[in-house]
Amino acid sequence: MVLELYMDLLSAPCRAVYIFARKNGIPFDFQFVDLLKGHHHSREYIEINPLRKLPSLKDGNFILSESVPILLYLCRKYSTPSHWYPPDLHMRARVDEFMAWQHTALQLPMSKILWIKLLIPMITGEEVPAQKTEQMLEEVKNNLQLFEEKFLQDRLFITGDHISLADLVALVEMMQPMGGNHNVFLNSSKLAEWRMRVELAIGTGLFWEAHDRLVKLEEWDCSTLNPMVKERICEFLQKYK
Amino acid sequence: MTWQRDPGMPVPSWQGGDLHPGFRERESGRAGALLIGPKFSGAIQWAGRAWPGSDSPGGSAQLQAPWPSKQFLPVVVPVPGPVPLGLPAAPTATPTMGLELYLDLMSQPCRAVYIFAKKNGIPFELRTVELLKGQHYSDAFAQVNPLRKVPALKDGDFTLAESVAILLYLSRKYKTPDHWYPQDLQACARVDEYLSWQHTALRNCCIQVMWQKMMFPVFLGEPVPPETLAATLAELDRCLQLLEDKFLRNQAFLTGSHISVADLVAITELMHPVSAGCQVFESRPKLAAWRQRVEAAVGKDLFQEAHAVVLKAKDLPPADHAMKEKLRPLMQILLK
C-alpha cells in the first residue's frame, strides 16, 4: 500500500512535507484536502485526523499528524541523506531547537500577515486597523531578526554548509505572506541570499510548483462563500480588529 | 476517496488532472477562516517584558510570583534596556565546566527538563534564572540564550534553547533508557507528534488559565470578566478532551505502554492550572489515573520537589503598583 499524504499546498507545513517527499523521491499518493472548500471538516477527513488539520500521513494503518513528526518519520523510514537531519549531536539539536521555536515564532505570525493583508479584507470587505497591522509587522520583523542572529548567523544554512529540515520549514513559513503580496525578504539581503540558496538546494522548479497555489490565492473568488459561513468567519475575525 | 468534489471542478494534477486546481468555487463548505487551522484561533501572543525588579531589586526580592516563561516573544513595546541584575552565580564558563541547566521551576518546560535530568541521574549545575527578577533579560543570560527564555542549556561551548530540543539532546548524549524517546519508528513518531502539537495547544491553555484564574485576581488584584475566564476554562476543557481522546486513549501513557518525554512535558503543563486551583483531574478519572502512573514512574519525591515552587504560587502577596503598571500591556494579551 502506498503512503498517503493529505495536504493542501496553501498551508506552509504541507509545502514542507510535499517538497521533502518529492525532493527525496518518496512515492506517495497526494490526497488533496481543499482548505478553501472546508474539506478538512468533512467526515472522511475527520476520521483520518480528528484535529482537522493538515498535513496528515497515512502509512497502512499508521496515521500521523503534525508536519514536524511527519518530516522526521519520512527521514527515518526512507533513510534520506543525512544532511536533512544530521546525526551529529549538536547539529541535530540545532534542527530540533529551530523546529520547536518556529511554531509560535514564525508559523503563527506569518499566517497572520496573510490574514491581515489578504484574507480579512477579501472575506469581510474591511481592512484591519493600521495599529494592529503595525504591531504584527513589528513582531514579524523582530522574529526574523532573531532568526538571522541566532539560527542563521554567518552560516550558509542553519546547521552549516548544507540544507536541513530546519531551512525547509523556515522558508515555507516565510513564504506564507507572499500570498498577500507581502515579501519579508526585501529588508535583509542576508535573508534574501539564504532564501535563494534554499530554493536552489530544493530545486527552483519544485519550489515554485509547491508555491503555485499560494501565489495565486488572491485570484480566489470568495464571493461564492456561503453567507452563513462568511458570517462565522467575520465573527471569528473580530479578534484581529 | 472523494471530497464531495463539484463535478465541474478541475481535478488536480496529482490526481491526474491539470496542474492548477481552479479557484472558481461553485459551492464551498466552511472555508478560508480555517485555512490556517484551529490553532490559529485563540493563540496567545506574549509581549516579552523587561521584568519588574529592575527598578527596586530589594522590594521585588520578596515576591516569588510564577511567570510564564516559555512563550515570550520579542516585545512590541520597546524594552527599557537590559535588566541590571545578573545571575546568582554568573558563570563565565571555563572550558572544563560541565553541563549547566538554566531553569526557573515556575516554568512548565523547566520542570520537564529538571525532572528528566534528575530522574536519569544526569549530572548538571543548576543555574536558577529568576524570571520574576527579570534575570532572563540580563546580558549574561543572553550569552547563553539570545532568545532570553528558559530553559536553556550550556554544555562547554555549546548552548541550546527550547525544552523539546534540550530533552532530546540529553536523551541522546546520556543514552537514557529507550522508552523516553524510542528508537522504534512509529513509537518515536507518536512522541514527536505530541511534542509538536502541544506548543500551540495545551501550552497556551494552561498559561491562560493560570493567569486568568489566579495571577490576575490574586497577584495583580485585577478582576477578570467572568465570561473571559469561562471561555478560557472551556478551551482548557477542550484541550484536555483532545489529550484523552487523541493521545492517551486506552494506553497507560500518552504514547504507549511506557512513560516518555511526552508525558513529562504534558504533566508539568497540567500542573500549572492545578496550581491555580483548577480541578483538572477530579472530573477526569482517566487523566487522574494517568497522572498517578506518571508520578509513580518519575518518583513521588522528585515530582513534588519539581513542583514545590509553582504549588506555592497561590500564596503570593499582591504586586505593587509599579509592577502592575509594567504588566499592563501583557495583561491585555492574557485577557484575550
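What counts, and at which threshold
Residues numbered from 1 in each chain as written. Chains lettered and ligands numbered in written order. Predicted model: local features only at pLDDT ≥ 70, side-chain atom pairs only at ≥ 80, totals over all residues. Heavy atoms only, no water. Helix = DSSP H or I, 4+ residues; strand = E, 2+ residues; numbered from the N terminus. Rg over C-alpha atoms; globule rule 2.2 N^0.38 Å. Buried < 20%, exposed > 50% of the residue type's maximum accessible area, 1.4 Å probe, protein only. Contact = heavy atoms within 4.5 Å. Areas by Shrake-Rupley, 256 points an atom, 1.4 Å probe, with all protein chains shown as cover. pLDDT = per-residue confidence, 0-100. UniProt positions renumbered as here; feature names shortened; annotations may be inferred. 1 Å grid on protein atoms, 1.4 Å probe; cavity = no way out; pocket = protein on both sides within 12 Å on 5 of 7 lines; lining within 4 Å. Points joined across faces, edges and corners; volume = space filled by probe spheres on them. Pairing = 2+ DSSP bridges. Axes fitted to C-alpha atoms, helices over the stretch in contact; angles between N-to-C directions. Salt bridge = Lys/Arg side-chain N within 4 Å of Asp/Glu carboxyl O. Parallel < 35°, antiparallel > 145°, perpendicular 65-115°, else oblique. Nonpolar A, V, L, I, M, F, W, Y, C, P; charged D, E, K, R; others polar. Disulfide = S-S within 2.5 Å.

Looking only at helices and strands, chain A features nine helices and four strands. The N-to-C order of helical and strand elements in chain A reads β-α-β-α-β-β-α-α-α-α-α-α-α. At 18 Å, chain A has a C-alpha radius of gyration in line with the 18 Å of a compact globule built from 241 residues. Its C-alpha atoms give chain A principal-axis dimensions of roughly 50 × 45 × 30 Å. Across the 241 residues in chain A, those meeting the buried criterion constitute 65%. Considering only contacts in chain A between residues 6 or more positions apart, those separated by 24 or more positions represent 71%. Carbon and sulfur atoms provide 50% of the accessible area of chain A, an area that totals close to 8900 Å².

Residue and element names in this part refer to chain B. With 68% of its residues at a pLDDT of 70 or more, chain B has an overall mean of 76. Across residues 1-6, where pLDDT falls below 50, the model places 20 contacts with residues more than four positions away in sequence or in other chains. Long-range and interchain partners of residues 9-91, a stretch whose pLDDT sits below 50, account for 240 contacts in this model, where long-range means more than four residues apart. Of the two predicted TM-score estimates for the complex, the pTM is 0.81 and the ipTM is 0.95.

Here the focus is the UniProt feature "domain: GST N-terminal" (unreviewed entry) in chain B. Mapped onto the present numbering, the UniProt feature "domain: GST N-terminal" (unreviewed entry) falls on residues 97-178 of chain B. Taken end to end, residues 97-178 of chain B is 35% helix and 21% strand, and its two terminal C-alpha atoms sit 28 Å from one another.

With that out of the way, let us pick up empty space enclosed by the protein. Following the criterion strictly, the structure yields five cavities of 30 Å³ or more and no others. Taken as a whole, the second largest cavity spans an internal volume of roughly 130 Å³. Contributing elements (two or more residues each) for the lining of the second largest cavity: helix 3 (67-77) and helix 4 (89-124) of chain A together with helix 4 (163-173) and helix 5 (185-197) of chain B. Sort the elements by how many residues they give to the lining of the second largest cavity and helix 4 of chain A lands first, with four residues.

So, on to the sheet that holds strand 5 (residues 152-155) of chain B. All names here are of chain B. Sheet architecture is open: four strands sit in the order 4-3-5-6, paired in mixed fashion. In this open sheet, the two strands that pair with only one neighbour each are strand 4 (125-128) and strand 6 (158-161). Neighbour-to-neighbour, the strand axes of the sheet open up by a mean angle of 20°, direction not taken into account. The sheet contact formed by strand 5 and strand 6 spans four bridges and is antiparallel. The residue of strand 6 that forms the bridge with aspartate 155 is phenylalanine 158. Helix 4 rests against strand 3 (99-103), strand 5 and strand 6 of the sheet, and its axis sits at about 130° to strand 6.

Residues and elements named next belong to chain B. Tallying each qualifying case throughout the model produces 23 salt bridges over all chains. Linking lysine 246 and glutamate 193 is a salt bridge whose minimum nitrogen-to-oxygen distance equals 3.3 Å. Separated by 53 residues along the polypeptide, lysine 246 in helix 7 (residues 226-248) and glutamate 193 in helix 5 bring together distant segments of the chain. For the residue pair lysine 246 and glutamate 193, the accessibility class agrees, reading buried in each case. In this structure, glutamate 295 engages arginine 291 in a salt bridge whose closest nitrogen and oxygen atoms are separated by 2.8 Å. Separated by four residues within a single helix, glutamate 295 and arginine 291 lie in helix 9 (residues 285-298), roughly one turn from each other.

A separate point is the packing of helix 9 of chain B against helix 10 (residues 300-311) of chain B. All names here are of chain B. Where helix 9 contacts helix 10, the axes come no closer than 6 Å and their chain directions differ by 100°. As far as their axial angle goes, helix 10 and helix 9 are roughly perpendicular. Of the residues in helix 10, those in contact with Arg291, Gln292, Glu295 and Val298 of helix 9 are Lys300, Leu302 and Phe303. Counted by class, the contact of helix 9 with helix 10 contains three nonpolar, one polar and three charged residues.

Quick look at helix 8 (residues 204-215) of chain A now. If you check which residues of helix 8 of chain A are buried, you get Leu206, Phe207, Ala210, His211, Asp212, Arg213 and Leu214 of chain A. Those residues of helix 8 of chain A that are buried lie in contact with helix 1 (12-23), strand 2 (28-32), helix 4, helix 6 (165-175) and helix 7 (189-202) of chain A.

On any regular strand, side chains alternate: one points to one face of the sheet, the next to the other face. Pairing analysis gives four bridges linking strand 3 of chain B to strand 4 of chain B, with the strands arranged parallel. Bridge pairing in strand 4 of chain B links glutamate 100 of chain B to glutamate 125 of chain B.

Next up on the list: the UniProt feature "domain: GST C-terminal" (unreviewed entry) in chain B. Under the UniProt annotation, "domain: GST C-terminal" (unreviewed entry) lies at residues 184-318 of chain B. In the segment residues 184-318 of chain B, helix accounts for 70% and strand for 0%; the C-alpha atoms at its two ends are 50 Å apart.

A word on the sheet that holds strand 2 of chain A. Residue and element names in this part refer to chain A. A sheet is described by the order of its strands in space; here four strands give the open sequence 2-1-3-4, paired in mixed fashion. What marks the edges here is a single partner per strand, and that holds for strand 2 and strand 4 (62-65). Adjacent strand axes in the sheet meet at a mean angle of 20° when their direction is disregarded. Bridge analysis of strand 1 (residues 3-7) against strand 2 gives five bridges, and the strand direction is parallel. Looking across to strand 2, one finds that glutamate 4 is bridged to aspartate 29.

Right, let's talk about the state of the cysteines for a bit. In this structure the tally under the stated criterion is zero disulfides over all chains. In this structure cysteine 110 of chain B is not part of a disulfide, and its nearest cysteine sulfur, from cysteine 206 of chain B, lies 15 Å away. As a non-bridged cysteine, cysteine 188 of chain B has cysteine 75 of chain A as the owner of its nearest cysteine sulfur, 11 Å distant.

Glancing now at unusual backbone geometry. Peptide bonds are mostly trans, and most non-glycine residues show a negative phi. Residue proline 55 of chain A is bonded to the preceding leucine 54 of chain A through a cis peptide linkage, with omega at 0°. Inspection of the secondary structure assignment puts proline 55 of chain A in the loop between helix 2 (43-48) and strand 3 (56-59). Between valine 150 of chain B and proline 151 of chain B the backbone carries a cis peptide bond, its omega angle lying at 0°. Its location among the elements puts proline 151 of chain B in the loop between helix 3 (139-144) and strand 5. Unlike most non-glycine residues, arginine 52 of chain A shows phi in positive territory, near 60°.

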